[in-house]
Amino acid sequence: MTALLPPKPPALPDGSERVRPAAAGRSARSTRPGLAWTLPATVFFLLFAVIPLIAVVVLSFMSWRGIGEPKFVGMENWQELAGDPVMLKSLWLSLLFIVLGVATQTPVSMLLGVWAAGPQRNRAVLSAIYFVPLLLSSAAISVLWRALLDPNFGVPSQFRWLFGDGNLFGHQATAIGVIIFVSMWQFTPFHTLIYQGAARAIPQVLYQAAEIDGAGRARTFFSITLPQLRNSIITSVILMVVGGLTTFETVLILTNGGPGTDTTITAFYMFEQAFRRFDFGIGAAVALVLVIVATTISLIMVKVSGYDKMRSTMEGV
């Protein structure tokens, strides 16, 4: 019987026995969290993401007014959307909002984030002040700016030499400009926080080497800071894309989709179809279009930028 027993591991110099690799491996595996730790998040994701998405897909092939049993209509909802000029216009407007949002928020938030990451005096106080708009709800901010820009008693009525007739919400160009400005005022602090954290993670030795070489602030920013913020830029832009496609309260309160349908973006069009016309089948189809467009744009950006190939945990590497 003794011949069948495994040999004892060789002893260490201090007389203690050496731990077998298999036992060490089991010990390491025993300290790792098991699948049970993911159960709460998995259940939450299924209840509030997967199941509602499946319900939206099914409802997009139904005709339902909110009362009674849904009726299967096949591709009728999708055919109606394909032939609706307002739906096609809302998609182009949503893409325009995304482009303008990225073009305005990215440079401002990047410059503010890089500045806030430095050792400037009173930096913490100023950072806290410009972070305040992010703490307010979109509805409250929209009501505030709607009152400030009211053509009858707001700021434009006092400066008609600058604002013309004062009705910024009565023309498509100015109405879109107001929405972009209000969104920028609210969400720039969030993206500033992203760039601030990323700028602080850049190794200071790079700036010290640039200083020794005699590089100025502009050369240092474009040669060191900007390339090192590459991954944060991609993350920030993807969040702007998703946020731009789902913007709703700002348009509802500021312009109500007007004048006419000139600011009716896809999210607002979905609201009109589902909760004003009570055509939940069309509303579900529009919601599914938003999901498809947002996912497609995000995947294209990740693939083109090479973000999916990033392996290092260091910013910009």
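Residues numbered from 1 in each chain as written. Predicted model: local features only at pLDDT ≥ 70, side-chain atom pairs only at ≥ 80, totals over all residues. Heavy atoms only, no water.

### Brief notes about the overall build of the protein chain
Looking only at helices and strands, the protein chain features 16 helices and two strands. Burial statistics for the protein chain: of 317 residues in total, 33% are counted as buried. Long-range contacts, defined as pairs at least 24 residues apart, comprise 65% of the intrachain contacts of the protein chain with a sequence gap of at least 6. Carbon and sulfur atoms form 70% of the exposed surface of the protein chain, whose accessible area is close to 19200 Å². (Helix = DSSP H or I, 4+ residues; strand = E, 2+ residues; numbered from the N terminus. Buried < 20%, exposed > 50% of the residue type's maximum accessible area, 1.4 Å probe, protein only. Contact = heavy atoms within 4.5 Å. Areas by Shrake-Rupley, 256 points an atom, 1.4 Å probe, with all protein chains shown as cover.)

### Quick notes on the nonpolar core
In this structure, F97, W145, L149, V178, V182, L254 and I265 are the most contacted members of the largest nonpolar core, which totals 17 residues. Contributions of two or more residues to this core are made by α4 (85-116), α7 (138-148), α10 (172-200), α14 (249-254) and α15 (266-276). At five residues, α10 tops the list of elements feeding residues into this core. Contacts of V178, omitting those with residues within four sequence positions, involve L149, L168, F169 and L254. The next biggest cluster of nonpolar side chains, apart from the first, holds eight residues, and it includes M110, Y195, I202 and F221. (Core = buried A, V, L, I, M, F, W, Y, C linked by side-chain atoms within 4.5 Å.)

### Quick notes on a nonpolar patch on the surface
There is a patch of nonpolar side chains on the surface, built from L136, L144, L148, V155, F159, W161, L162, F181 and W185 and spanning about 870 Å² of accessible area. Looking at the nonpolar patch, the elements that each hand over two or more residues are α7, α9 (160-163) and α10. One can find L148 in helix α7. (Patch = residues over 30% accessible without salt bridge, like charges linked within 9 Å, V, L, I, M, F, W, Y side chains within 5 Å. Salt bridge = Lys/Arg side-chain N within 4 Å of Asp/Glu carboxyl O.)

Distances and angles like these do not, on their own, reveal function.
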